[in-house]
Amino acid sequence: TSAEKLRNALLRFFELAPKDSDAAAGLGIFEGEDGQRYLPLPVLGRAVGITGEDFEVAMKAWNVVNETPAGTFTLTNDARAVGLVEWA
């Protein structure tokens, strides 16, 4: 899985599930105190084809996010969900 795949999937989720919509709530998309939108890592990982238990999927997606140069992704303080810097 590449950073570009994760980024494109996040863009689609955020575009198709508007802020405060039922779709966003159903997907687990939430807003941080900074107004940034976040999607749980297991949801994002599964969307790009990562398989396994939630923890395994989250760790694989987190590794890609963590290895991506700064300026693309933003993680929640607990590193359980990811957003896009460009979406802020």
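Quick caveat: nothing in here was measured; it's all calculated off a predicted structure. (Residues numbered from 1 in each chain as written. Predicted model: local features only at pLDDT ≥ 70, side-chain atom pairs only at ≥ 80, totals over all residues. Heavy atoms only, no water.)

(A) Highlighting the overall build of the protein chain. If you tally the helices and strands in the protein chain, you get four helices and four strands. Starting at the N terminus, the α and β elements of the protein chain follow one another as α-α-β-β-α-α-β-β. Each of the three principal axes of the protein chain carries a C-alpha extent, and together these read 30 × 25 × 25 Å. For the protein chain, buried positions account for 39% of its 88 residues. Taking contacts inside the protein chain between residues at least 6 apart in sequence as the whole, the part at least 24 apart equals 50%. Side chains of the protein chain carry 8 positive and 13 negative charges; the gap between the two charge centres is 5 Å. (Helix = DSSP H or I, 4+ residues; strand = E, 2+ residues; numbered from the N terminus. Buried < 20%, exposed > 50% of the residue type's maximum accessible area, 1.4 Å probe, protein only. Contact = heavy atoms within 4.5 Å. Lys, Arg positive; Asp, Glu negative; His and termini not counted. Charge placed at Lys NZ, Arg CZ, Asp CG, Glu CD.)

(B) Structural context of the pattern of salt bridges. Inspection of the entire model under this criterion finds five salt bridges. We note a salt bridge from R7 to E4, for which the minimum N-O separation is 3.4 Å. Placement of both R7 and E4 in helix α1 (residues 3-16) is noted, with a separation of three residues, approximately one turn of the helix. Judged by its relative accessible area of 22%, R7 is partly exposed. Among the residues examined, E4 registers a relative accessible area of 45% and is labelled partly exposed. Residue D54 pairs with R46 through a salt bridge whose shortest N-O separation is 3.0 Å. For R46, a relative accessible area of 40% gives the class partly exposed. Within the structure, one salt-bridge network assembled from shared partners comprises E4, R7 and E86. (Salt bridge = Lys/Arg side-chain N within 4 Å of Asp/Glu carboxyl O.)

(C) Inspection of the environment of D20 at higher detail. For D20, the location among the structural elements is in the loop between α1 and α2 (22-27). Spatially, the C-alpha atoms of D20 and F30 are 8.4 Å apart, while their sequence positions differ by ten residues.

(D) Structural context of the side chain of S21. Structurally, S21 can be placed in the loop between α1 and α2. Among the polar contacts made by the side chain of S21, one reaches the main-chain carbonyl oxygen of P18 at a distance of 2.7 Å. Separated by 3.1 Å, the side chain of S21 and the backbone nitrogen of A24 make a polar contact. (Polar contact = N/O pair within 3.5 Å; in protein donor to acceptor, adjacent residues only side chain to side chain.)

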